[in-house]
Amino acid sequence: KGILQRAGAPNQNERVYPKSILMREAKKYETLIKERRALGELDHPDSSVINLKNVSHNVREIHWEGNDLVGTVEILPTPSGNILKELLKANILLGISSRGMGSVEPIGKGKVQVGEDFELLGWDFVSNPSTHGAFMTPVNESKQVVSEDVCGNYCKAHDLIREIITELSW
């Protein structure tokens, strides 16, 4: 469980996702979640097509917490899912990153904004997510682990930096 995407703030790629666009795409994505087809891969592939032989997880739910789109994913018993599970068991801090298609528009100071034609394809597990603090925290049915237990002050620092950048940028 953790942050999947953040609206309205520049990510590490200097890309800003307007909340209205993310809300629209999240609403469309909920259909895939209900149909249990919200699949993702271990690492971003070169293609926009989800390759079933590389699937590692299925997104189970998404919801908004302020400007953060938060979600829960299920690790699947596939070869890539088993690698993902073993990395998490070894306490490797893994992030998650959206995969999508669309144009971007310059908004100044080296930043770009995702255009109205953006289409969310899903989320993939990655070693270095572009969204600050988008690290997934393992949970189980009896005890939920708080994300600060996994990434400690790193998450706090990224959140503070994000708030400062957001204030200075807008």
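Coordinates for the structure precede this section.
Let me sum up the structure you'll find in this document.

Scoring rules and cut-offs
Residues numbered from 1 in each chain as written. Predicted model: local features only at pLDDT ≥ 70, side-chain atom pairs only at ≥ 80, totals over all residues. Heavy atoms only, no water. Helix = DSSP H or I, 4+ residues; strand = E, 2+ residues; numbered from the N terminus. Contact = heavy atoms within 4.5 Å. Expected span 1.5 Å × (residues − 1). Buried < 20%, exposed > 50% of the residue type's maximum accessible area, 1.4 Å probe, protein only. Patch = residues over 30% accessible without salt bridge, like charges linked within 9 Å, V, L, I, M, F, W, Y side chains within 5 Å. Areas by Shrake-Rupley, 256 points an atom, 1.4 Å probe, with all protein chains shown as cover. Salt bridge = Lys/Arg side-chain N within 4 Å of Asp/Glu carboxyl O. Pairing = 2+ DSSP bridges.

## Points about the environment of leucine 94
Reasoning step 1: Mapped onto the fold, leucine 94 is located in the loop between helix H2 (79–89) and strand E6 (95–101).
Reasoning step 2: Residues within four places of leucine 94 in sequence aside, it is in contact with Leu84, Leu87, Leu88, Phe125, Val126, Ala134, Phe135 and Met136.

## Brief notes about helix H1 (residues 19–34)
Reasoning step 1: The end-to-end C-alpha distance of H1 is 22 Å, a good match for the 22 Å that 16 residues give at a rise of 1.5 Å each.
Reasoning step 2: Buried within H1 we find Ile21, Leu22, Glu25, Ala26, Tyr29 and Ile33.
Reasoning step 3: Where H1 ends, the next residue or the one after it, arginine 36, has phi of about 55°, a positive value.

## Concerning the side chain of serine 80
Reasoning step 1: Along the chain, serine 80 turns up in helix H2.
Reasoning step 2: For serine 80, the residues in contact, after removing those within four places along its chain, are Leu42, Lys53, Asn54, Val55 and Ser56.

## Concerning a nonpolar patch on the surface
Reasoning step 1: Nonpolar side chains collect at one region of the surface, where Ile83, Leu87 and Ile92 lie side by side and expose about 230 Å² of accessible area between them.
Reasoning step 2: Inspection of the secondary structure assignment puts isoleucine 83 in helix H2.

## Quick look at the sheet that holds strand E2 (residues 15–16)
Reasoning step 1: Reading across the sheet, the three strands line up as E2-E8-E7 and stay open at both edges, with mixed pairing between neighbours. Each having just a single partner strand, E2 and strand E7 (104–108) make up the two edges of the open sheet.
Reasoning step 2: Of the strand pairs in this sheet, E2 and strand E8 (residues 111–114) are connected by two bridges, and their pairing is parallel. Across the sheet, residue valine 16 finds its bridge partner in E8, namely glutamine 113.

## Brief notes about unusual backbone geometry
Reasoning step 1: Positive phi values are uncommon outside glycine, yet glutamate 14 reaches one of about 60°.
Reasoning step 2: Examined against the element boundaries, glutamate 14 turns out to sit in the loop between strand E1 (2–6) and E2.

## Overview of the pattern of salt bridges
Reasoning step 1: In the structure shown here, the tally under the stated rule is eleven salt bridges.
Reasoning step 2: For aspartate 124, the salt bridge is made with arginine 99, and the minimal N-O distance between the two is 2.9 Å. One end of the pair, aspartate 124, is in strand E9 (residues 119–126); the other, arginine 99, is in strand E6, with 25 residues separating them in the sequence.
Reasoning step 3: Residue classification places aspartate 124 among the buried positions, given a relative accessible area of 1%.
Reasoning step 4: Linked through salt bridges whose partners overlap, the residues forming this network are Arg24, Glu25, Lys28 and Glu116.

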